[in-house]
Amino acid sequence: MLHKTIIKRIFQLRKRGYSIPEISLILKISRGTASRYARKVQIREKFMERWLKRRNASKIISQRHWNIAREKTKSFIGSFSKRELALVGAALYWGEGAKKDLSLTNSDPRMIRVFIRILQKVFGITRGEMKVTLRLYEDLDKTSCLRFWSDTTGIKLEENTVVHVLKGHKSGKLKYGMCRLRVKKGGLLLKQIFAIIDGIVTPS
């Protein structure tokens, strides 16, 4: 809990059009903390111009940094070899996969797409050898979620697709629930992935 004087200072700075990064820097608190206390504070009209300029400047700087980061990444990564993709796939599975069968569950469509690409390109698994099931909260629209994950995976999902309904409401990134991607008869490949993980843990 912040001291009352710090909270009061956050309110004062925000009313005068100071941005979240500025408040964080001045008061030596995290941006999350600054945002939590400042987000409901009304900026005074005479300071709105200052706030808009600072906000736009932050966006410009952020975009510039993203461009630099992408260019630097291109220069030293280039294209991935099958060996490197296999390591990425094993690491993904290590973090997000099941331990008894070759299945991976996540709400991030990018992760699911990457894992499918690795299964296809590195291990020769076709989409016909993959099965998708969904985990959805009860307030989500089933049809929209089926359509979203069909587009994501390239696997046609229909009304008879297995859907596990979870009690409660969606939060955070679970707008379309969670996708569970499983390789049918993937026992041998699962052992191969665990062998790759063992090689990462104990390099020869």
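Residues numbered from 1 in each chain as written. Predicted model: local features only at pLDDT ≥ 70, side-chain atom pairs only at ≥ 80, totals over all residues. Heavy atoms only, no water.

(A) How the structure looks around the nonpolar core. If you look at the biggest cluster of nonpolar residues, it comprises 36 residues, and the most contacted ones within it are Leu102, Phe115, Leu119, Phe123, Leu181 and Ile193. Counting residues per element, this core draws most heavily on helix α6 (residues 109-121), at 6 residues. Other than its neighbours up to four places away in sequence, Phe115 contacts Gly89, Leu92, Tyr93, Leu102, Leu104 and Leu181. (Core = buried A, V, L, I, M, F, W, Y, C linked by side-chain atoms within 4.5 Å. Buried < 20%, exposed > 50% of the residue type's maximum accessible area, 1.4 Å probe, protein only. Helix = DSSP H or I, 4+ residues; strand = E, 2+ residues; numbered from the N terminus. Contact = heavy atoms within 4.5 Å.)

(B) Spatial organisation of the packing of helix α1 (residues 4-15) against helix α2 (residues 20-27). Direction vectors running N to C along α1 and α2 enclose 140°, while the axes themselves pass 10 Å from each other. Between α1 and α2, the angle is such that the two are oblique. Handedness of the crossing formed by α1 with α2: right-handed. Residues Ile6, Arg9, Ile10, Leu13 and Arg14 of α1 form the contact with α2, whose own contacting residues are Ile20, Ile23, Ile26 and Leu27. A breakdown of the residues in the contact of α1 with α2 according to their chemical character gives 7 nonpolar, no polar and 2 charged. (Axes fitted to C-alpha atoms, helices over the stretch in contact; angles between N-to-C directions. Parallel < 35°, antiparallel > 145°, perpendicular 65-115°, else oblique. Left-handed = near helix turned anticlockwise from the far one by under 90°. Nonpolar A, V, L, I, M, F, W, Y, C, P; charged D, E, K, R; others polar.)

(C) Highlighting the layout of surface pockets. What the largest pocket holds in volume is close to 210 Å³. Every residue lining the largest pocket is listed: Ser79, Phe80, Leu85, Val88, Leu92, Arg110, Met111, Val114, Arg117, Ile118 and Lys121. Where the lining of the largest pocket is concerned, the elements lending two or more residues are α5 (82-96) and α6. For the lining of the largest pocket, the element with the highest residue contribution is α6, accounting for 6 residues. (1 Å grid on protein atoms, 1.4 Å probe; cavity = no way out; pocket = protein on both sides within 12 Å on 5 of 7 lines; lining within 4 Å. Points joined across faces, edges and corners; volume = space filled by probe spheres on them.)

(D) Focus on the sheet that holds strand β4 (residues 178-183). The strand order β1-β4-β2-β3 describes an open sheet built from 4 strands, whose pairing is mixed. The sheet terminates laterally at β1 (103-106) and β3 (163-166), the two strands that pair on one side only. Taking each pair of neighbouring strands and ignoring which way they run, the sheet shows an average axis angle of 15°. In terms of strand pairing, strand β2 (residues 130-137) meets β3 through 4 bridges, oriented parallel. Residue pairing across strands places Leu136 opposite Val165, the latter belonging to β3. (Pairing = 2+ DSSP bridges.)

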